[in-house]
Every structure is written in C-alpha cells, then in structure tokens.
Amino acid sequence: MISSVRELPTVPGVYRFRDDAGKVLYIGRARNLRRRVQSYWVNVGDRPHLTRMVRRIARVEGVSCDSEHEAAWLERNLLEHSKPRWNRVEGGAEVVGYIRLGSASRPGLTFSHTVTGSSQHFGPYLGGLRIRQAISGLHRVLPLQYTVSSDGSAEEFGRLFGVGPGDREALARTAIAVLERDPAAVATLREELGRRRDRAAAGLRYEFAAKVQGEIEALDWIVAEQKVAWLEPRDADVYGWADGVLVRFELRAGRMCTWTQRTVAQATARERVAATPELWRTFAQRNAELAARLLKVTS
C-alpha cells in the first residue's frame, strides 16, 4: 500500500490515482477518503476490473469536501470534463434534479429535472430517489399540497391534517427556509421527523420508521454544504498554496470542473491565492495543505 494513504483525512472527498508517468488512472469519491482508498489494497472483490490498475498506482491525490453531496458533485464534474481510462462512465450515475415550489393553485413541492417557468426552484441536487425522499419528508411535516381550495379530495385531506388555504403562506415560508439551509428551520424539521420515526418504532411500525429515517437522510443530503455546482453561475479560478504546492480548481459557469496541482515558490503563488474568492479560501487552503502532505510522503 502507498504510504501516503495514511495522510488522507477520514472525511468525504474525491481521490485521484496517478501512474509513474503522472497520468491519471482513476477518479472516485468517498464518504471516508482514507478508508475508501485503503480498500483498493485490501479488497477489490466487488471491483475485479480494477485489480490491474492498482498495480500501476504510483501516487494518490485527494480533495477534502464539506459533505458527501459536494464530493458527489465534484466527482461528477471532473469526470464530465475528462474521463480517465479506468473510469467506466462519464460523470456520475445520479440523476440531476431540482425541487420546485408550486403556485397557489397547485401548492406543494415537486421534483423537476430542469428549471422551468416562473416557479421558485431549489438545487441542483444529485440523486432522483434522494430528492423525492426529501420532498416526502418535507410534506410529512409541512403538508403544503393540501392547502388548496379548489380540489375536493385535497381539501378533505387538508382537514385531516389540520391545514387549509390560510396556512399556505406560512408553510411555504418554512419550506423555503429549510431549502435555503436555514439552520434553525432545518433542525426543527429534522427533529420532528425524528420524533415521528421514534414513535413509529416504539409502536413496532418498523417499516414506516425506516421510511422516515430514509427521509431524514435524504434531507441531510440536500441541505448539506455544497459549493461545486451552480452556487453562483460564474467563472473563477480558486488557488491554495502550502509548503511549496499550489492547488488550482477551475470553476466555469458555476461548476468546478478541473483540479490541478504543481510545485511552485510562495512568491509565484501569492498573487493567485490573494485573488481567490473569499467563499473558496478555506476550501482551497485546506486542500493545498493536504496536497503538500501527500506529495511529501510520496517523494
């Protein structure tokens, strides 16, 4: 096993393998970077096609991300820009989607593949199932879909849930706060879902409890820190420098699409690092320090 693997953090992120010539062999993502990368030397039983690749790995590189969702997006963006030989598909397998907030005549939250019309949309998110589970969890606590006055069945359900057209605005505001990642709103919704899960488990309704737990996990996924895809539709070059290593991430139209690193003097890096947008400085510095540690151990 390559000794630098022990320098990888135990956080979500993206990893990259290079051969002796510096060619990229494979890009992947992980919930736990160190554990995932170590697994290539311990057991590739579920990935037999990678056995020959492992023998060629000379260097490991990594990016520490702020959430699994961010790591998923970064992997997808990098693979769409350039697919190494050992990656089977371009981009990720997850569906890209948005959560759409309906109008007064058709209230509620729905899944959308694209941003259409004048309705408010939130996202993008990865994972069609996760998005739909998150919507289910939001509707479980915030039954917006039943705050309509022109549909007999919806009105009847509204009465059962104790909501009506007059509650639409307040419920919509809460849903928006959650989808905009307001910490208090997210915590309140998550706590209520947790109470419902626990009540179901206490009543031996294990299947329903598992369903609600899935909704909680999906909610965590969509509200997690995620900067690498369309936070702002802008172009930017993000730099971090540490111990002689300059890391560069390229954002184009709001998507982080390339990741490079090279050894340079601090004087050469200073201007680039200073021009990095404030939002990205912690991310870039953290990953420059990681790159420097990995390179030092490999050298």
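Computed from a predicted structure; not experimentally measured.

Visitor: What exactly am I supposed to notice about the overall build of the protein chain here?
Guide: When helices and strands are tallied, the protein chain shows 10 helices and 9 strands. Dimensions of the protein chain, computed from the C-alpha atoms along their principal axes, are close to 70 × 45 × 30 Å. Within the protein chain, the proportion of its 299 residues that are buried is 50%. The contacts of the protein chain with a sequence gap of at least 6 include a subset with a gap of at least 24, amounting to 62%. When the 46 basic and 35 acidic side-chain charges of the protein chain are each reduced to a single mean position, those positions are 6 Å apart.

Visitor: Whenever I open this one, the sheet that holds strand E6 (residues 120-126) confuses me. Can you help?
Guide: Within a sheet, each strand pairs with its neighbour through backbone hydrogen bonds, oriented either parallel or antiparallel. Spatially, 3 strands are ordered E5-E4-E6 in an open sheet, and the strand pairing comes out antiparallel. Either end of the sheet is taken by a strand with one partner, and the two such strands are strand E5 (109-112) and E6. When the angles between neighbouring strand axes are averaged without regard to direction, this sheet yields 25 degrees. Across the sheet, helix H4 (residues 128-141) touches strand E4 (96-101), E5 and E6, and the angle it forms with E5 is around 175 degrees. Sitting on the sheet, helix H6 (residues 168-179) touches E4, E5 and E6, and the angle it makes with E6 is about 35 degrees.

Visitor: When you look at the packing of helix H7 (residues 183-202) against helix H8 (residues 206-223) in this model, what are you seeing that I'm missing?
Guide: The description of two helices packed together rests on the angle between their axes and the distance between the axes. Between H7 and H8, the shortest axis-to-axis distance is 7 Å and the interhelical angle comes to 165 degrees. One finds that H7 runs roughly antiparallel with respect to H8. Between H7 and H8 lies a crossing of left-handed hand. Contact residues: Val-186, Leu-189, Arg-190, Leu-193, Gly-194, Arg-196, Arg-197, Ala-200 and Ala-201 in H7; Tyr-206, Phe-208, Ala-209, Val-212, Gln-213, Glu-215, Ile-216, Leu-219, Asp-220 and Val-223 in H8.

Visitor: Whenever I open this one, a positive patch on the surface confuses me. Can you help?
Guide: Side chains of Lys-23, Arg-52, Arg-55 and Arg-85 sit close together on the surface and give a patch of like positive charge. Its location among the elements puts Arg-52 in helix H2 (residues 51-56). Taking relative accessible area as the criterion, Arg-52 reaches 49% and is therefore assigned partly exposed.

Visitor: What should I look at first to understand the packing of aromatic side chains in this one?
Guide: Centre distance and the angle of the planes are the two values used to describe a pair of aromatic rings. Counted under the stated rule, the structure contains 10 aromatic pairs. Here the aromatic rings of Phe-17 and Tyr-26 are separated by 6.3 Å at their centres, their planes lie at 25 degrees, and the arrangement is stacked. Accessibility assignment for this pair places Phe-17 and Tyr-26 in one class, buried. Taken together, a centroid distance of 5.4 Å and an interplanar angle of 85 degrees make the contact between Trp-280 and Phe-283 edge-to-face. With Trp-280 and Phe-283 both in helix H10 (residues 278-298), this residue pair falls 3 residues apart, about one helical turn. Assigned by exposure class, Trp-280 and Phe-283 land together as buried. Across from the ring centre of Phe-111, 4.0 Å away, lies the NZ or CZ of Arg-132, which sits over that ring.

Visitor: Explain the pairing of strand E7 (residues 236-242) here, please?
Guide: Looking along a regular strand, one sees side chains alternate from face to face of the sheet. Most of E7 sits inside the fold, with 6 of its 7 residues counted as buried. With 7 bridges connecting them, E7 and strand E8 (residues 245-252) associate as antiparallel partners. Pairing of Ala-242 across the sheet is with Val-245, part of E8. With antiparallel pairing between neighbouring strands as the criterion, E7 and E8 make up a hairpin whose turn holds 2 residues, including Asp-243 at a positive phi of roughly 50 degrees.

Visitor: Sorry, what's going on with helix H3 (residues 68-81) here?
Guide: Each α-helix winds once per 3.6 residues, and so residues spaced three or four apart point in a common direction. Over its 14 residues, H3 runs 20 Å from end to end, which matches the ideal 20 Å to within 8%, given 1.5 Å per residue. Here H3 lies mainly inside the structure; 11 of its 14 residues are buried.

Visitor: Looking at this model, I keep getting lost on the environment of Glu-192. Mind explaining?
Guide: Along the chain, Glu-192 falls in helix H7. Setting aside residues no more than four positions away along its own chain, Glu-192 makes contact with Val-141 and Arg-199. Within the local environment of Glu-192, its side chain forms a polar contact with the side chain of Arg-195, the two groups lying 2.7 Å apart.

Conventions and cut-offs
Residues numbered from 1 in each chain as written. Predicted model: local features only at pLDDT ≥ 70, side-chain atom pairs only at ≥ 80, totals over all residues. Heavy atoms only, no water. Helix = DSSP H or I, 4+ residues; strand = E, 2+ residues; numbered from the N terminus. Buried < 20%, exposed > 50% of the residue type's maximum accessible area, 1.4 Å probe, protein only. Contact = heavy atoms within 4.5 Å. Lys, Arg positive; Asp, Glu negative; His and termini not counted. Charge placed at Lys NZ, Arg CZ, Asp CG, Glu CD. Pairing = 2+ DSSP bridges. Axes fitted to C-alpha atoms, helices over the stretch in contact; angles between N-to-C directions. Parallel < 35°, antiparallel > 145°, perpendicular 65-115°, else oblique. Left-handed = near helix turned anticlockwise from the far one by under 90°. Patch = residues over 30% accessible without salt bridge, like charges linked within 9 Å, V, L, I, M, F, W, Y side chains within 5 Å. Areas by Shrake-Rupley, 256 points an atom, 1.4 Å probe, with all protein chains shown as cover. Salt bridge = Lys/Arg side-chain N within 4 Å of Asp/Glu carboxyl O. Phe/Tyr/Trp six-rings, centres within 6.5 Å; stacked < 30°, edge-to-face > 60°. Lys NZ or Arg CZ within 6 Å of the ring centre and 35° of its normal. Expected span 1.5 Å × (residues − 1). Polar contact = N/O pair within 3.5 Å; in protein donor to acceptor, adjacent residues only side chain to side chain.

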